[in-house]
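A structural walkthrough
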Amino acid sequence: MINSEAQLESKAVPLTQLSRGQIGRIECTQAHPDDCSMLRAMGLHPDASIQMCRLGEPCIVSLSGACRIGLAKDIASRVFVHIDS
Amino acid sequence: MSTPTVPQLVPTKRTIAVLGNPNVGKTTLFNRIAGIRAKTSNFPGTTQEARVAHINLDKESQKGAHNESVLIDLPGIYSLHLDLSESKVCNQTLEGTTAPTGEPAQVPDALMVVVDATNLTRNLSIVGELLAKRLPTVIVVNMIDVARRRGIHVDPDKLSDCLGCPVILCSARTGEGLHALGAMLNDAKISHRTAPSDQTGIERWAQDIYATVSTSNAELAADTLTDRLDRAFTHPLLGMLSFVAIMTGLFWMIFKLAAIPMDWIDFWFGSVGNWVAGTLPEGAISDLIVDGVIAGVGGTVIFLPQICLLFFLLALLEGTGYLARAAFVIDRLLRPFGMSGHAFVPLLSSHACAIPGIMATRAIPDKRDRLATILVAPFMSCTARIPVYVLLTAILFPDRPLYQAYAFTMCYAIGILAGLFTSFLFRRTILRGKSRPMALELPSYRMPDLKSALLLTFDRGMIFLKKAGTMILAISIVLWWLNAYPHSAPTDESIALRTQAESMVDIEQANELVAQADAIDTRNATANSMLGKLGSTFQPIFAPLGYDRQLTVGVLASFAAREVFVSTMAVQVAGSDDVDDESVLASIANATNDDGSRIFTYATSWSLLFFYVLASLCLPTLVVTAKESGGWKWAMLQLGWMSLLAYIGAFAAYQIIIAAGGT
């Protein structure tokens, strides 16, 4: 899935902008279609709750506290999230 | 008049496919059900392996019937629709177009879908995809004990109602709920429910079901311990230090613990050889059994403890959840050299054998990434190299296990560095481009499952023994024949020594002369044998590396398979052994060449170590490289490049040691 820039809501920020412990909700992923499909099957689908556990390389996130995913910084910066207030 | 129907007398075998996401405890569950009855099989023409077990589920469920079931543990997948070899194999198995080797390809009679109670929402997506296959299904909600500890409660009746098939809550680790699994699988039925076919629809469907069947009475607390461990194990410096420390510790344990059973095996083969030599009348049959079969197979089987320990400790390490973190440490290391962490699994598999490693590169999405990994994979030290490493490090550092462990780790490191250099070079020349970024699930840290590790070790050990009992046995017999024929007549020198011995009064001195005469005849016979002549022809090529005729034969024979080097040396030195009661390893270590000097000097041992780390001595690997890369040009490039590096490495090691005054 490649979401166009137009689909991105203005408040969505790259996942890498979340600070440690901060929670967000996935808006979309802008990457190679195979990477998008894989991330989505792993649970990083639109509207999924995501918490930042470790920033940097790799970036480690927790999905609703159920599982942890490690992401290379490059791909993490292509996942866009709404930061929960 | 119609013929009455004859009841089916032959018991039918039900095929049950076990599916689920990765890291849901599927294999632990399978091992608990199947135990030692399971074996590992490959899917023909693919990288993928499955564990297969023929078991009587009725017996398991105490019903007393005797219908056998074939349980197939398929690779863990996140979705059936991903463009990955795991997903393709699962799809083909469900369609009945493929099956693990030895099993008939047929549509499974039932599906056992294992889901993780602590991550039910995501796991229900694959359930939705599998329900669409319209096959009798049972849902096994595993890790229910962990879910309960986290305050998550799953209602099995509501879940069964939502999914339209039987549901069982269990814990593969503790065994909770498993007693009812056999009966439940007999009651598997086709669900009357259907999940939406589109991805978004399935995700909403899974969320709705989770909200209906599950309650959580605790707020999810931050997992501070996991956070701290993750930060340490993936830290640029600390992570790398941990990785090096863990791997060194692993190999040190392999050397320390394997020494005792290795001595037993060595002693046993030595005793059997002596017993056969003393029992059978002298002649070709006795020589064949002692010098061909026992020396050849014994020289290989002796490494069984090391191979078992390596797989056992790696399985334990994988069970802790650490290896997924190590993949990111490796990703950081690989990226500047033009590979990504996607290459970690193929490269790690290549440490067992380059063939499954190269085949596993199918999971790498980018073509250039994939080709680079294929070319690099054979540099990783496979288990076939272990016997050679063990032999040479034992010769270099006798009775010093820590130094042996350092040298062993260094062999692995040199292979990895050569691979990185290869990737760096190729990604900037013939395979230009940037590698794809990595995404990987990090399983929870936990105590490893001892039973699963032991079963895997048993499986791998049996595969190794089968190889020693078939291919290595056959090669040993052929090599013995080439080494023993044509027979050479005693030389004038040995005849003169024997005549002199006959006229002597002092028996001790006479025996010494006879021993000298025997040694001269044996060296003469070996040099004039077919194998000796072959070695003499090629020896000039390897002379700059310090190899004599016998080592040249050992290296040439290794093109069939690397581990054949040890058995080849054992067969060659068996006849020229001056000390009858020596063990197989000591015979090789103390072997002498035609002029009576030792074959394995300090310089030749280091030279050989470099050669075996870097050389592409495996014909099947080249065939698989040609097949997977789409042409023989890549296989030939691999062979040429690795041979060049091996020759340069071995030459440099030998010449530097000699120039520094070494022997």
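Everything numeric here is computed off the predicted structure, so don't read it as measured data. (Residues numbered from 1 in each chain as written. Chains lettered and ligands numbered in written order. Predicted model: local features only at pLDDT ≥ 70, side-chain atom pairs only at ≥ 80, totals over all residues.)

Time to look at the overall build of chain B. Scanning chain B from N- to C-terminus turns up 28 helices and 10 strands. With respect to the principal axes defined by its C-alpha atoms, chain B has extents near 100 × 70 × 45 Å. Of all 663 residues assigned to chain B, the portion counted as buried reaches 48%. Pairs at least 24 residues apart make up 73% of the contacts formed inside chain B by residues separated by at least 6 positions. (Helix = DSSP H or I, 4+ residues; strand = E, 2+ residues; numbered from the N terminus. Buried ≥ 20, exposed ≤ 12 C-beta atoms within 10 Å, placed from the backbone. Contact = placed C-beta atoms within 7 Å.)

What follows covers the sheet that holds strand S4 (residues 59–63) of chain A. What the seven strands build is an open sheet, ordered S1(A)-S6(A)-S2(A)-S3(A)-S4(A)-S5(A)-S10(B); its pairing is antiparallel. The open sheet has two edge strands, strand S1 (13–14) of chain A together with strand S10 (439–442) of chain B, and neither has a second partner. On top of the sheet, helix H9 (residues 224–233) of chain B reaches strand S3 (49–54) and S4 of chain A together with S10 of chain B; it is set at about 55 degrees to S3(A), its chief contact. (Pairing = 2+ DSSP bridges. Axes fitted to C-alpha atoms, helices over the stretch in contact; angles between N-to-C directions.)

Attention now moves to the confidence of the model for chain B. All names here are of chain B. Per-residue confidence for chain B gives a mean pLDDT of 84, with 92% of residues at or over 70. Taken element by element, the predicted model of chain B shows its lowest mean pLDDT in helix H2 (residues 57–60) (61) and its highest in strand S5 (residues 110–116) (95). Every residue in residues 577–581 scores below 50 in pLDDT, and together they form six contacts with partners more than four places removed in sequence or on other chains. (pLDDT = per-residue confidence, 0-100.)

All right, on to the environment of B:Ile374 then. Residues and elements named next belong to chain B. Looking at the secondary structure, you find Ile374 in helix H16 (residues 367–376). C-alpha separation for the pair Ile374 and Arg598, spaced 224 residues apart in sequence, amounts to 38 Å. For Ile374, the residues in contact, after removing those within four places along its chain, are Ile358, Thr361, Thr625, Glu628, Ser629 and Trp634.

Count 3.6 residues to each turn of an α-helix, and residues three or four apart come out pointing the same way. Residue and element names in this part refer to chain B. Here helix H8 (residues 199–213) contains 15 residues, and its C-alpha end-to-end distance of 21 Å stays within 8% of the 21 Å for a straight helix at 1.5 Å per residue. All of the buried residues along H8 are Ile202, Glu203, Ala206, Ile209, Tyr210 and Val213. Looking straight down H8, one finds its buried side chains confined to an arc of 130 degrees; they lie on one side. Of the residues in H8, the exposed ones pointing more than 90 degrees away from the buried face are Thr200, Gly201 and Ala211. On the buried face of H8, the contacting elements are helix H4 (120–131), strand S7 (152–154), helix H6 (156–163) and strand S9 (214–216). (Expected span 1.5 Å × (residues − 1). Arc of directions from axis to C-beta.)

A word on the pairing of S5(B). All names here are of chain B. Summarising burial for S5: seven of the seven residues are buried, a large majority. Of the two faces of S5, both are covered, the one formed by Ala110, Met112, Val114 and Asp116 as well as the one formed by Leu111, Val113 and Val115. Bridging between strand S1 (residues 14–20) and S5 involves five bridges; their strand directions are parallel. Pairing of Leu19 across the sheet is with Val113, part of S5. Where S5 and strand S6 (residues 137–142) come together, six bridges link them in parallel fashion. Its bridge partner lying in S6, Val114 is registered against Val140. Crossover S5 to S6 through H4 is right-handed. (Right-handed = clockwise from strand over helix to strand, strands pointing away.)

A word on the interface of chain A and chain B. Counting from both sides, the interface comprises 26 residues of chain A and, opposite them, 27 residues of chain B. When contributions to the side of chain A that touches chain B are tallied by element, the ones reaching two or more residues are helix H1 (33–41), S3, strand S5 (67–71) and helix H2 (73–76) of chain A. A total of six residues in the side of chain A that touches chain B trace back to one element, the largest contributor, which is H1(A). Considered class by class, the residues forming the side of chain A that touches chain B number 13 nonpolar, seven polar and six charged. (Nonpolar A, V, L, I, M, F, W, Y, C, P; charged D, E, K, R; others polar.)

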